[in-house]
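Fold and contact review
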Amino acid sequence: MRHDKRNLYGFSYLGIMVTLAIAAIAMQGAASLWQQQSQRSNEALLLEVGEAYRLAIGRYYESTPLAAKQYPANLEELLEDKRFPVPKRHLRKVYSDPFAVKQGMRLILKDGRIIGVYSPSTLAPIRHNGFQDAQADFQAAKQYSDWKFIYEPNSLAGLEEAWANR
């Protein structure tokens, strides 16, 4: 009889080990799925934040009261544009980069002025199509840092329309 009980104990142990292995594989699959979903969410947020910056830079540039248009010198000018008797707000707040929250969005400068922003993330994008016209270059991007949100002069109307239809 004792011999039979040992066999049962060994079988129970084997059953528990198989159950744990299956549970570990399932957990790994769930973690992978969660990670991909998290990246998709951050990717969508990056597109939203990047376009908010591009639009704010465009509004600042196009509303320049002088004949010679100017880009902002710093992000604070997008928050409170003091070039007018009543300051304008082109951006509600300084948005962080969803992939590098502590680092924030990187600035793209031309002659010391901000013309755009980008994420420093080296992750490969999940999305490769279905972009807006202003984001056409994003299709060939190898990493998120290739997604450059640069304001091109005289493109504000198209950006405003795309923003309204997002």
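Refer to the structure above for everything that follows.
Residues numbered from 1 in each chain as written. Predicted model: local features only at pLDDT ≥ 70, side-chain atom pairs only at ≥ 80, totals over all residues. Heavy atoms only, no water.

In terms of helices and strands, the protein chain carries three helices and three strands. Starting at the N terminus and walking to the C terminus, you meet the elements of the protein chain as α-α-β-β-β-α. In terms of C-alpha radius of gyration, the protein chain reaches 25 Å, well past the compact-globule figure of 15 Å for 166 residues. Dimensions of the protein chain, computed from the C-alpha atoms along their principal axes, are close to 100 × 30 × 30 Å. (Helix = DSSP H or I, 4+ residues; strand = E, 2+ residues; numbered from the N terminus. Rg over C-alpha atoms; globule rule 2.2 N^0.38 Å.)

In this section: the pattern of salt bridges. Under the defined criterion, the tally for this structure stands at five salt bridges. When the shortest N-O distance is used, the salt bridge between Arg-54 and Glu-51 registers 2.9 Å. Of the two residues, Arg-54 and Glu-51 both sit in helix H1 (residues 2–62), three residues apart, roughly one turn of that helix. We classify Arg-54 as buried; its relative accessible area is 4%. By relative accessible area, which is 6% here, Glu-51 ends up buried. (Salt bridge = Lys/Arg side-chain N within 4 Å of Asp/Glu carboxyl O. Buried < 20%, exposed > 50% of the residue type's maximum accessible area, 1.4 Å probe, protein only.)

Our focus in this paragraph is the sheet that holds strand E1 (residues 106–110). The strand order across the open sheet formed by three strands is E1-E2-E3, and the pairing between neighbours is antiparallel. Edge strands, defined here as strands with exactly one partner in the open sheet, are E1 and strand E3 (148–150). Mean inter-strand twist for the sheet, computed between neighbouring axes without regard to direction, equals 35 degrees. In this sheet, strand E2 (residues 113–118) lies alongside E1 in antiparallel orientation, the contact comprising five bridges. (Pairing = 2+ DSSP bridges. Axes fitted to C-alpha atoms, helices over the stretch in contact; angles between N-to-C directions.)

What follows deals with helix H3 (residues 156–164). Because each turn of an α-helix spans 3.6 residues, side chains separated by three or four positions in sequence point in the same direction. Within H3 the residues assigned to the buried category are Leu-156, Leu-159 and Ala-162. One side of H3 holds all its buried residues, which, seen down the axis, span an arc of 125 degrees. Away from its buried face, by an angle of more than 90 degrees, H3 presents the exposed residues Ala-157, Glu-161 and Ala-164. (Arc of directions from axis to C-beta.)

Within the secondary structure, Ala-100 sits in the loop between helix H2 (76–79) and E1. On the basis of relative accessibility, which here comes to 12%, the residue Ala-100 falls in the buried class. A sequence separation of 21 residues divides Ala-100 from Ser-121, and the C-alpha atoms of the two residues are 6.8 Å apart.

This next bit is on the side chain of Glu-51. Among the polar contacts listed, one links the side chain of Glu-51 to the side chain of Gln-135, at a separation of 2.9 Å. Beyond its immediate stretch of four places on either side in the chain, Glu-51 contacts Gln-132, Gln-135, Phe-149, Leu-159 and Trp-163. (Polar contact = N/O pair within 3.5 Å; in protein donor to acceptor, adjacent residues only side chain to side chain. Contact = heavy atoms within 4.5 Å.)

Tallying each qualifying case throughout the model produces nine aromatic pairs. For the ring pair Phe-131 and Trp-147, a centre distance of 5.5 Å and an interplane angle of 80 degrees mean the geometry is edge-to-face. Here Phe-131, found in the loop between E2 and E3, pairs with Trp-147, found in the loop between E2 and E3; they are 16 residues apart in sequence, far enough to count as distant. Owing to a relative accessible area of 12%, Phe-131 belongs among the buried residues under this scheme. What makes Trp-147 buried here is its relative accessible area of 0%. Taken together, a centroid distance of 5.1 Å and an interplanar angle of 90 degrees make the contact between Tyr-144 and Trp-147 edge-to-face. We classify Tyr-144 as buried; its relative accessible area is 0%. (Phe/Tyr/Trp six-rings, centres within 6.5 Å; stacked < 30°, edge-to-face > 60°.)

Taken together, the side chains of Tyr-13, Ile-16, Met-17 and Leu-20 make up a nonpolar region of the molecular surface, amounting to roughly 440 Å² of accessible area. Take Met-17: it is sitting in helix H1. Look at Met-17 and you get partly exposed, because its relative accessible area is 39%. (Patch = residues over 30% accessible without salt bridge, like charges linked within 9 Å, V, L, I, M, F, W, Y side chains within 5 Å. Areas by Shrake-Rupley, 256 points an atom, 1.4 Å probe, with all protein chains shown as cover.)

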